[in-house]
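What follows is the residue order along each chain.
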Amino acid sequence: MGTFFYLEGAYLILAGIILLITLFVTTRPFMAKGAVKKGLTGVFVVLAVMIGAHYYMTTSRMAEVKEAFGAGKTILCESRMQRKVSQVVRISRQNEWRLEGDDFVSPNYERPFFSARCIVE
């Protein structure tokens, strides 16, 4: 459950804001009776499906990356440190990378890379 809130926390906050906007709009006097219930229900269902789908795709990609790393394949991770040169870091066991939980770490690199931000080459 902690992984869910870590991965989807920003989207949950945005969904809350969208629900508050929906509540505000559907309570205006020009809206039909029952608009609050229909509007909140509809928007909630759409947001829940979208957030659930995003979580499923992200965790599936994380599992695929971990499995590929275990098989010795090269993993590509986004580097946010240097935007001018190379934006991708190649991670492999041959370069002294290891997997600790959901993070790729190396004694030769100063920061870990979260597996959700990586893909298989």
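The rules we used
- Numbers given for residues are sequential positions, taken from 1 along each chain in its written order.
- Where totals are concerned, whole chains, interfaces and linings use all residues; where local detail is concerned, this predicted model gives features only for residues with pLDDT of at least 70, and gives and counts side-chain atom pairs only at 80 or more.
- Side-chain calculation: all heavy atoms of the structure are included, whereas hydrogens and water are not.
- A pair of strands is labelled paired if DSSP reports no fewer than 2 bridges between them.
- Per the convention used, a helix needs a DSSP run of H or I reaching at least four residues, while a strand needs a run of E reaching at least two, with both numbered from the N terminus.
- Contacts: residue pairs with any heavy atoms within 4.5 Å of one another.
- Angular values range over 0 to 180 degrees, each being the angle between N-to-C directions of two axes fitted as lines to C-alpha atoms, with helices fitted over their stretch in contact.
- Take the residue count of a helix, subtract one, and multiply by 1.5 Å to get its expected span.
- Two axes enter the bend calculation: one fitted to the seven residues ending at the residue in question, the other to the seven starting there, and the bend is the angle between them.
- Think of it in three bands: residues with accessible area under 20% of the maximum for their type are buried, residues over 50% are exposed, and the middle band is partly exposed, with areas taken using a 1.4 Å probe on protein chains only.
- Ring pairs are drawn from Phe, Tyr and Trp, using the six-membered ring of Trp, whenever the two centres fall within 6.5 Å, and their geometry is named by plane angle: stacked under 30 degrees, edge-to-face over 60, tilted for the rest.
- Our definition puts a charge over a ring when NZ of Lys or CZ of Arg is within 6 Å of the ring centre and also within 35 degrees of the ring normal.
- By disulfide we mean two sulfur atoms from cysteines, separated by a distance within 2.5 Å.

Would you mind showing me how to read the sheet that holds strand β4 (residues 103-105) here?
Two modes of strand pairing occur in sheets, parallel and antiparallel, and in both the strands are linked by backbone hydrogen bonds. Strand order across the open sheet formed by 3 strands is β3-β4-β5, with antiparallel pairing between neighbours. Of all strands in the sheet, those bounded by a partner on one side alone are β3 (98-100) and β5 (113-114). Pairing analysis gives 2 bridges linking β4 to β5, with the strands arranged antiparallel. What sits directly across from Phe-104, in β5, is Phe-113. In the packing of helix α2 (residues 35-70) onto the sheet, the strands contacted are β3, β4 and β5, and the crossing angle to β3 comes to about 140 degrees.

Would you explain α2 in this entry?
Taking 1.5 Å of rise per residue, the 36 residues of α2 would be expected to cover 52 Å, and the 52 Å separating its terminal C-alpha atoms lies within 8% of that figure. Residue Gly-72 follows α2 closely and has a positive phi angle near 90 degrees.

In this structure, what is going on with helix α1 (residues 2-26)? I would like to understand it.
What sets the pattern is the α-helix's 3.6 residues per turn: residues three or four places apart point alike. Between its terminal C-alpha atoms α1 stretches 33 Å, which fits the 36 Å expected from 25 residues at 1.5 Å a residue. The sharpest bend along α1 measures roughly 65 degrees and falls at Glu-8. Taken residue by residue, α1 has Phe-4, Leu-7, Glu-8, Gly-9, Ala-15, Thr-22 and Thr-26 as its buried positions. The secondary structure elements touched by the buried residues of α1 are α2 and β5.

Please explain the packing of aromatic side chains as it appears in this structure.
In this description, an aromatic ring pair is defined by two values, namely the gap between the centres and the angle between the planes. Following the criterion strictly, the structure yields 7 aromatic pairs and no others. Geometrically, the ring pair formed by Phe-4 and Tyr-55 is edge-to-face, given 5.0 Å between the ring centres and 75 degrees between the ring planes. Remark: Tyr-55 occurs in helix α2 and Phe-4 occurs in helix α1; sequence separation between them is 51 residues. Ring geometry for Tyr-109 versus Phe-113: centroids 5.3 Å apart, planes at 40 degrees, classification tilted. You can call Phe-113 buried: its relative accessible area is 3%. Here the aromatic cluster, defined as three or more aromatic residues joined through ring pairs, consists of Phe-4, Phe-5 and Tyr-55. For the cation-ring pair, Arg-111 lies above Phe-113, with the distance from its terminal atom to the ring centre recorded as 4.9 Å.

What is the right way to look at the state of the cysteines in this model?
Any covalent bond linking the sulfur atoms of two cysteines counts as a disulfide. This model, assessed by the stated rule, comprises 1 disulfide. Paired by a disulfide, Cys-77 and Cys-118 hold their sulfur atoms 1.9 Å apart. An S-S torsion of about 105 degrees defines the bridge between Cys-77 and Cys-118 as right-handed. Of the two residues, Cys-77 sits in strand β1 (residues 75-78) while Cys-118 sits in strand β6 (residues 118-120), which places them 41 residues apart along the sequence. Accessibility classification places Cys-77 together with Cys-118 in one group, the buried group.

What should I look at first to understand the environment of Tyr-109 in this one?
Turning to its location among the elements, Tyr-109 is positioned in the loop between β4 and β5. Judged by relative accessible area, Tyr-109 falls into the partly exposed class, the value being 29%. For the pair Tyr-109 and Trp-97, spaced 12 residues apart in sequence, the C-alpha to C-alpha distance is 9.1 Å.

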